[in-house]
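# Geometric and topological summary
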Amino acid sequence: MSTPALRRGLRTLGTLLITLSAISPASSVFIIAPGVVAGAGTGAFYSFVAAAVVGVFMAFVYAELASAFPLAGGEYAIVTRTLGRLPGFAVLGLMIVTQVLIVAVIALGVGTYLGVLMPGVPGPVIAAVTCAVAAVVGVFDIKLNAWVTGIFLAIEILALIVVSALGLLNPARSFGELLAHPVAPDGGPATVGAIAIATSVAIFAYNGYGSAVYFGEETQDASRGIARAILFALGITVLAELVPVTAVLLGAPDLNALFASGNMLSYFIDSRGGGTLDTVLGLAVALAIINAVLAIVLISSRMLFSSGRDRAWPSPVNRALAAVHPKFGTPWVATVGTGLVAALLCFVDPKLLLVVTSTSIVAVYAALCLGAIAGRRSGATAHAKYRMPWFPVAPVLALAVLVFVVYQNLLDPAVGRPSLIVTACVALLSIAYYVFVLRRKGGWKLADVTEEKAEEPA
């Protein structure tokens, strides 16, 4: 029986467009950045700069590992091949739960910005429809999806350029003042501690550049192209988020009003550009969120496809998940399944979704850092065509930051601590399934996939 293969119909640019759409810089600026500002005030500038430095090192880790293993399974496929099958399956369990839930979490944001067009329609209904439509579109050819996400991404970037212009062309304070006298939300000076804590949130605002690896089996010359896509994705993301955040901090007419606003970006845009512009940019953000839902459905479906091909589940489930559409060359069952499950999750309490997803990526990042170190020592990644500079500085520094993030979450009894407990439970359940089910059946049958075996575009 031949190994199911996806159609290799993407170039590096297409992979980059889908990856940037999954990151969704506009969503990060409008939804996540206000949380950073609420914690660090104008010191959020330093938080985003520090997060960018961490992102560079984590991108180095991702790029080397993805160059060695450009597989649709993403992180779990990499960890399995560098650290072993047991930790690899634990990562698979964490990623399945996280990825599908993240689709629902992001989709729920669509209703917030589309409410002006559809007043009275419940947000969860809008979110569920968004997930279902994304699943249908995701079944089509990957090249078509790259173009769709690229068009939406252009609108998103244009919105961020407008926000940047509003602040940079008419600043209320100098850049020197921002650097020398960062102000906390309470009016006092922003402390190093507050800036450091807010940095952990800023790290996740940039997160997603490593998602390019999920399209490794659909990208031509993947061992080189995926590494480039990851590094370019981080660079563009940092520019697309840091500049508008800085513009808001420089251009807000009244910092106290900015900090006290329930919607900081809406306050800033309305005060600088008027209510009509605020509405228009709000709709652009809604499109950005829809685009992100589509991109993450594409990513999640590739992971589920890979897990079925690797025979991680009962045989009927494996056959379904590994099914490839005969015309489009995409994992159509995994794609539709991802969208439908995410649509149902849109009716779950959003707070529960955040508790489940907020720290699992920390564990996955840590596993990748350890995998990069182990891969160098064992020679498992020796064939990678991209090698990170200054090894082992990148994985060691990233691990140190992740330890700090875990410590901060332990101090947070509302979300952080429960999230860590849920993450540990998911990992333990995954390990139990592997030990008591998979291993008893003879182990995990990892598919032998190389660039040569993936189907070339027709």
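Remember, it's a predicted structure, so these values are computed and weren't measured experimentally. (Residues numbered from 1 in each chain as written. Predicted model: local features only at pLDDT ≥ 70, side-chain atom pairs only at ≥ 80, totals over all residues. Heavy atoms only, no water.)

### Some thoughts on the overall build of the protein
A count of helical and extended segments in the protein gives 19 helices and zero strands. Expressed along its principal axes, the backbone C-alpha trace of the protein runs to roughly 65 × 45 × 40 Å. Within the protein, the fraction of its 458 residues that count as buried is 54%. Once local pairs closer than 6 in sequence are excluded, the contacts in the protein between residues at least 24 apart make up 83%. For the protein, the computed accessible surface area is about 17,900 Å², with 71% contributed by carbon and sulfur atoms. For the protein, the distance from the average site of its 26 positive side-chain charges to the average site of its 21 negative ones is 12 Å. (Helix = DSSP H or I, 4+ residues; strand = E, 2+ residues; numbered from the N terminus. Buried < 20%, exposed > 50% of the residue type's maximum accessible area, 1.4 Å probe, protein only. Contact = heavy atoms within 4.5 Å. Areas by Shrake-Rupley, 256 points an atom, 1.4 Å probe, with all protein chains shown as cover. Lys, Arg positive; Asp, Glu negative; His and termini not counted. Charge placed at Lys NZ, Arg CZ, Asp CG, Glu CD.)

### Regarding helix α6 (residues 123–139)
Between its first and last C-alpha atoms α6 spans 25 Å; for 17 residues at 1.5 Å apiece the expected length is 24 Å, and the two agree. Taken residue by residue, α6 has Ile126, Ala127, Ala128, Thr130, Cys131, Ala134, Ala135, Gly138 and Val139 as its buried positions. (Expected span 1.5 Å × (residues − 1).)

### Things to note about the packing of aromatic side chains
Taken as a whole and judged by the stated rule, the model has 12 aromatic pairs. Judged by centre distance (5.5 Å) and plane angle (90 degrees), the ring pair of Phe45 and Phe175 falls under edge-to-face. Taken together, the residues span a long stretch of sequence, with Phe45 in helix α3 (residues 44–68) and Phe175 in helix α8 (residues 175–180) at a distance of 130 residues. Ring geometry for Phe57 and Phe60: centres 6.3 Å apart, planes at 90 degrees, overall edge-to-face. Of this pair, Phe57 and Phe60 are both found in helix α3, three residues apart, which corresponds to roughly one turn of the helix. (Phe/Tyr/Trp six-rings, centres within 6.5 Å; stacked < 30°, edge-to-face > 60°.)

### Focus: the packing of helix α5 (residues 85–114) against helix α17 (residues 360–378)
Taken N-terminus to C-terminus, the directions of α5 and α17 make an angle of 145 degrees; their axes are 10 Å apart at the nearest point. Handedness of the crossing formed by α5 with α17: left-handed. For the pair formed by α5 and α17, the contact residues are Val91, Leu94, Met95 and Thr98 on the first element and Ser360, Ala363, Val364 and Ala367 on the second. (Axes fitted to C-alpha atoms, helices over the stretch in contact; angles between N-to-C directions. Left-handed = near helix turned anticlockwise from the far one by under 90°.)

### A closer look at the nonpolar core
Residues Phe30, Phe48, Met58, Tyr209 and Leu368 are the most contacted members of the largest nonpolar core, which totals 148 residues. Excluding residues that lie within four positions of it along the chain, Tyr209 makes contacts with Thr19, Ile23, Gly55, Met58, Ala59, Tyr62, Ile230, Ala233, Leu234 and Tyr365. (Core = buried A, V, L, I, M, F, W, Y, C linked by side-chain atoms within 4.5 Å.)

### Details of the pattern of salt bridges
Under the defined criterion, the tally for this structure stands at six salt bridges. Across the pair Asp221 and Arg224 runs a salt bridge whose closest N-O atoms are separated by 3.6 Å. Given a relative accessible area of 40%, Arg224 falls into the partly exposed group. Here the residues in one salt-bridge network are Glu64, Arg376 and Arg387, joined through shared partners. (Salt bridge = Lys/Arg side-chain N within 4 Å of Asp/Glu carboxyl O.)

### Section: the environment of Ser223
Mapped onto the elements, Ser223 comes out in helix α10 (residues 222–251). On the basis of relative accessibility, which here comes to 5%, the residue Ser223 falls in the buried class. Between the alpha carbons of Ser223 and Val213 there is a distance of 9.6 Å; along the sequence they are 10 residues apart.

### Observations regarding the environment of Ser27
One can find Ser27 in helix α2 (residues 25–40). Counting along the chain gives 258 residues from Ser27 to Val285, while the straight-line C-alpha distance between them is 6.3 Å. Residue contacts for Ser27: discarding those within four places in its chain leaves Ile32, Glu156, Ala288 and Ile289.

### So, a nonpolar patch on the surface
Together, Met118, Val121, Val125, Val129, Val133 and Phe347 line one region of the surface with nonpolar side chains, adding up to about 490 Å² of accessible area. With respect to the helices and strands, Val133 occurs in helix α6. (Patch = residues over 30% accessible without salt bridge, like charges linked within 9 Å, V, L, I, M, F, W, Y side chains within 5 Å.)

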